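Chain by chain, the residues run as shown.
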Amino acid sequence: MKLKIAYSPCPNDTFVFDAWAHGRVPGAPRLDVTFADIDVTNGWAEGGDDHDVLKVSYAVLPWILDEYALLPCGGALGRGCGPLVLTREEGTGADLAGKTVAVPSERSTAYLLFRLWAAETVPGGVGNVVVMPFHEIMPAVRDGKVDAGLVIHEARFTYQNYGLHCLADMGEHWEATTGLPIPLGAIVARRSLGEETLRLLAESARASVRMAWDDPVASRPYVLEHAQEMDPKVADQHIGLYVNEFTADLGEHGYAAVRGLLTRAAAEGLVPPLGPDSLSFP
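What you see is a predicted model; the values in this text were computed from it and never measured.

Cut-offs used in this document
- Residues numbered from 1 in each chain as written.
- Predicted model: local features only at pLDDT ≥ 70, side-chain atom pairs only at ≥ 80, totals over all residues.
- Heavy atoms only, no water.
- Core = buried A, V, L, I, M, F, W, Y, C linked by side-chain atoms within 4.5 Å.
- Buried < 20%, exposed > 50% of the residue type's maximum accessible area, 1.4 Å probe, protein only.
- Contact = heavy atoms within 4.5 Å.
- Salt bridge = Lys/Arg side-chain N within 4 Å of Asp/Glu carboxyl O.
- Helix = DSSP H or I, 4+ residues; strand = E, 2+ residues; numbered from the N terminus.
- Pairing = 2+ DSSP bridges.
- Axes fitted to C-alpha atoms, helices over the stretch in contact; angles between N-to-C directions.

Chemist: Before we go on, may I ask you to explain the nonpolar core in this structure?
Modeler: Across soluble globular proteins, nonpolar side chains have a tendency to be buried as a group. V56, L61, V85 and W117 are the most contacted members of the largest nonpolar core, which has 53 residues in total. Beyond its immediate sequence surroundings of up to four residues, W117 is in contact with V85, G93, L96, V122, L167, A168, M170 and H173. Among the nonpolar cores identified, the runner-up in size contains 31 residues, and L201, A202, M230 and V234 belong to it.

This is how it looks when you write it as structure tokens:
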């Protein structure tokens, strides 16, 4: 029997899961893979979808941790890899007061980081937030349909192609104020699978990551097949940013980053408060 898993076609996810998805991790459960944008998987996690394992945003955890356990590996945290606020003209955060900002999701870590930054930086707050598919945000900013856009992932390397300017780096703000890495994407699995299976899933994800590091050439066809016409050099930069020591093991600093983000967000009324043991893993 295969376990149903859903993750994005982004290079970091295909790099991490290549060995496991193709049956090269000894003793790992077989996988039935679905590719979906993280906003879609967030909705599946909240809506009781039948996937056993999902890649979701850390921002959605407070709504799903009764049903899903956070795996201590396989996800995306890091430094120097935060979301960016882009505009047509150079400026400061104060320039966004009362303006319209496009975001890829309101259930994303990027959105939480943006709201925490704006609470400190934008006098009176932004005027309007509109949710827009990720690939439409930079063209919308360029064409004047919105005043600014919140972007993630490979847009860090390509926004100049649209003639845009980086108004602020949400990751820089987060790291400067907390000293912690940036929590982005999490791997969660159904608690109903049982503790033994959950531990096996964590071991399998960790082994798949390490196998990708040991032989990065092996994952390249899978990565480029699903990278949606991304330049191979950009795909490599993407992997370099989002696959790191926290992918193999959240560790003390990783868990502190997750708790810190969700605690701050709860204090701002953006998410429900976490329970005392909700992040614990069997």
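Chemist: What is the right way to read the pattern of salt bridges from this model?
Modeler: Side chains that differ in sign of charge can pair as their charged atoms come close. Enumeration according to the criterion identifies eight salt bridges in this entry. A salt bridge links K4 to D50; its shortest N-O distance comes to 3.1 Å. Taken together, the residues K4 in strand 1 (residues 3–7) and D50 in the loop between helix 2 (38–47) and strand 3 (53–57) connect sequence positions 46 residues apart. What makes K4 partly exposed here is its relative accessible area of 26%. Here D50 falls in the partly exposed class, since its relative accessible area comes to 47%. R220 is the salt-bridge partner of D236, the closest N and O atoms lying 2.8 Å from each other. Taken together, the residues span a long stretch of sequence, with D236 in helix 10 (residues 232–242) and R220 in helix 9 (residues 216–225) at a distance of 16 residues. Exposure remark for R220: the relative accessible area of 30% places this residue in the partly exposed category.

Chemist: Please explain the sheet that holds strand 8 (residues 128–131) as it appears in this structure.
Modeler: Spatial strand order, 8-7-9-6-10: five strands in an open sheet with mixed pairing. Each of the sheet's edge strands pairs with one partner strand only, and the pair in question is strand 8 and strand 10 (165–169). Ignoring which end each strand starts from, the neighbouring axes of this sheet average 30° apart. Where strand 6 (residues 84–87) and strand 10 come together, four bridges link them in antiparallel fashion. By the bridge assignment, V85 is partnered in strand 10 with A168. Contacts from helix 4 (residues 109–121) reach strand 6, strand 7 (100–103), strand 8, strand 9 (148–151) and strand 10 within the one sheet, and its direction differs from that of strand 9 by about 130°. Taken strand by strand, helix 7 (residues 170–178) contacts strand 6, strand 9 and strand 10, and its axis lies near 25° from that of strand 10.

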